[in-house]
Amino acid sequence: MASDGARKQFWKRSNTKLPGSIQHVYGAQHPPFDPLLHGTLLKSTAKTPTTPVKAKRVSTFQEFESNTSDAWDAGEDDDELLAMAAESLNTEVVMETAHRVLRNHSQRQGRPTLQEAPGLQQKPRPEAESPSPPSGDLRLVKSVSESHTSCPAEELRKLSWSGIPKPVRPMTWKLLSGYLPANVDRRPATLQRKQKEYFAFIEHYYHSRNDEVHQDTYRQIHIDIPRMSPEALILQPKVTEIFERILFIWAIRHPASGYVQGINDLVTPFFVVFICEYLEAEEVDAVDVSGVPTEVLRNIEADTYWCMSKLLDGIQDNYTFAQPGIQMKVKMLEELVSRIDEQVHRHLDQHEVRYLQFAFRWMNNLLMRELPLHCTVRLWDTYQSEPEGFSHFHLYVCAAFLVRWRKEILEERDFQELLLFLQNLPTAHWDDEDISLLLAEAYRLKFAFADAPNHYKK
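Residues numbered from 1 in each chain as written. Predicted model: local features only at pLDDT ≥ 70, side-chain atom pairs only at ≥ 80, totals over all residues. Heavy atoms only, no water.

If you check an unreviewed UniProt entry, the chain appears there as TBC1 domain family member 22A isoform X7 from Sapajus apella. Its UniProt record gives the chain a comment under Function (unreviewed entry), which states: "May act as a GTPase-activating protein for Rab family protein(s)." (UniProt positions renumbered as here; feature names shortened; annotations may be inferred.)

**Student:** Can you help me understand the overall build of the chain in this one?
**Tutor:** Regarding its fold elements, the chain presents 21 helices and two strands. Taken over 458 residues, the chain has a buried fraction of 56%. Taking as baseline every contact in the chain between residues at least 6 positions apart, the subset at least 24 positions apart corresponds to 79%. Per element, the accessible surface of the chain, about 20,500 Å² overall, is 50% carbon and sulfur. (Helix = DSSP H or I, 4+ residues; strand = E, 2+ residues; numbered from the N terminus. Buried < 20%, exposed > 50% of the residue type's maximum accessible area, 1.4 Å probe, protein only. Contact = heavy atoms within 4.5 Å. Areas by Shrake-Rupley, 256 points an atom, 1.4 Å probe, with all protein chains shown as cover.)

**Student:** What is the right way to look at the packing of helix H11 (residues 237-253) against helix H12 (residues 267-275) in this model?
**Tutor:** A pair of packed helices is captured by two measures, namely the crossing angle of their axes and the spacing between those axes. Interhelical geometry of H11 versus H12 gives an angle of 125° and a closest axis separation of 12 Å. Our classification of the angle between H11 and H12 gives oblique. Of the two elements, H11 crosses H12, and the hand of that crossing is right-handed. On the side of H11, the interface is formed by Val-239, Ile-242, Phe-243, Ile-246 and Leu-247, while H12 contributes Val-267, Thr-268 and Phe-271. Split into classes, the residues belonging to the contact of H11 with H12 amount to seven nonpolar, one polar and no charged. (Axes fitted to C-alpha atoms, helices over the stretch in contact; angles between N-to-C directions. Parallel < 35°, antiparallel > 145°, perpendicular 65-115°, else oblique. Left-handed = near helix turned anticlockwise from the far one by under 90°. Nonpolar A, V, L, I, M, F, W, Y, C, P; charged D, E, K, R; others polar.)

**Student:** I'm lost on the nonpolar core in this one. Help?
**Tutor:** The tendency in soluble globular proteins is for nonpolar side chains to be buried as a group. Counting residues in each nonpolar core, the largest one holds 115 residues, and the members touching the most others are Leu-266, Phe-271, Leu-348 and Trp-380. Here this core gets eleven residues from one element, more than from any other, and that element is helix H18 (residues 389-403). Both domains that meet at this core, namely domain 1 (152-314) and domain 2 (324-450), each give it at least three residues. Contact partners of Phe-271, with chain neighbours within four places excluded, come to Leu-233, Val-239, Ile-242, Phe-243, Val-289, Leu-297, Ile-300 and Thr-304. (Core = buried A, V, L, I, M, F, W, Y, C linked by side-chain atoms within 4.5 Å. Domains from an automatic or database assignment.)

**Student:** I tried to follow helix H14 (residues 324-340) on my own but got confused; where do I start?
**Tutor:** Helical geometry: 3.6 residues make up each α-helical turn, so side chains three or four residues apart lie on a common side. Compared with an ideal rise of 1.5 Å per residue, which puts 17 residues at 24 Å, H14 spans 24 Å between its outermost C-alpha atoms and is within 8% of the ideal. Looking only at H14, the buried set comprises Gly-325, Ile-326, Lys-329, Val-330, Met-332, Leu-333, Glu-335, Leu-336, Val-337, Ser-338 and Ile-340. Those residues of H14 hidden inside the fold are in contact with helix H15 (342-350), helix H16 (355-364), H18 and helix H21 (432-449). (Expected span 1.5 Å × (residues − 1).)

Structure follows, in structure tokens:
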């Protein structure tokens, strides 16, 4: 057992902040500005609420499209087209993918799968032969995403779940996030309107960043950005300026939360995916923006802002006062792990390691501080394909992620060493195969527990 004195000395030596030390900045007092109402844009229409609206259930994509045929032209920013068009993926298809990934990996590595972990109650597999697993085939994804009538949302999600080919990832992410309309003919006008709207926000607000009412917000953003990774990308002056503008404008337009540390990390994946469309860099960590034309950078900045906003709409309770969303998810993770692997759960408890001490960051930064950037991009392919991927499914990914290290966790017999290991997991050399295995195990957990929450409630 760790003494109070030992724990205090550990925190002092490691200079590691406890979750309670994360600083919230609630300086966004200005009411949201709508350039459509202020005459900045040519078209005049009513402002839509910035808070997410619960999607209404519809029977088919065609029915939804016919009911909202004018939505994209009317500035309905919060219509979650793709999320509303398909409630979930084809369960049998994704389960078969999960089983195949796990079987192949186990055959190569000779490792037990999560199914063999103590305490995991799996639902029986369907007796009928499952359809072919989702494919990341470039031609299929490109064909679906460039449909000139309407994009079959469920088909696009199925194709994207197992990974999106790099050439079509920018467009596919914009579709899956709900930023772009399904109809390809409407996309240019939507992009132009949204990009113009974003820079109207910049013109109206950004000069106020040093005003007394906003200076704390901007100062914290300015401090946090250089701490982000990868440094080779973030420390490029043009990139730093872009991130500062995106985060400041988002904070101004979302005063319920303002800017909170952790939100800054969520800009990076969108930015690198969108800019790689114009670069030949093989690795997302090696992006150099110096040769990218200014107008292209402006468009990427606006697209990044809107897609990040769509993501945050679904997890904003993670960043409101006291971060209740994260507190709840960490508690759910603890309860879930206690059912999945009681031995690991008991080992952490015996050594007084609290889930909040390591899993807070997993929820706050969506595992971005635990994984290489290229792995985060692959993970987000699936998150955007999975209903409530960044909130609900992320819980099961974190559970699978923790159990992935059960051998190493059980070997540690000291509070300090256990916590250091959990805060510095050895993932530097992970690749897409590791992420595919993690996602497959996470989906199996969801399949076993999501529809029966009493399974993980004590």
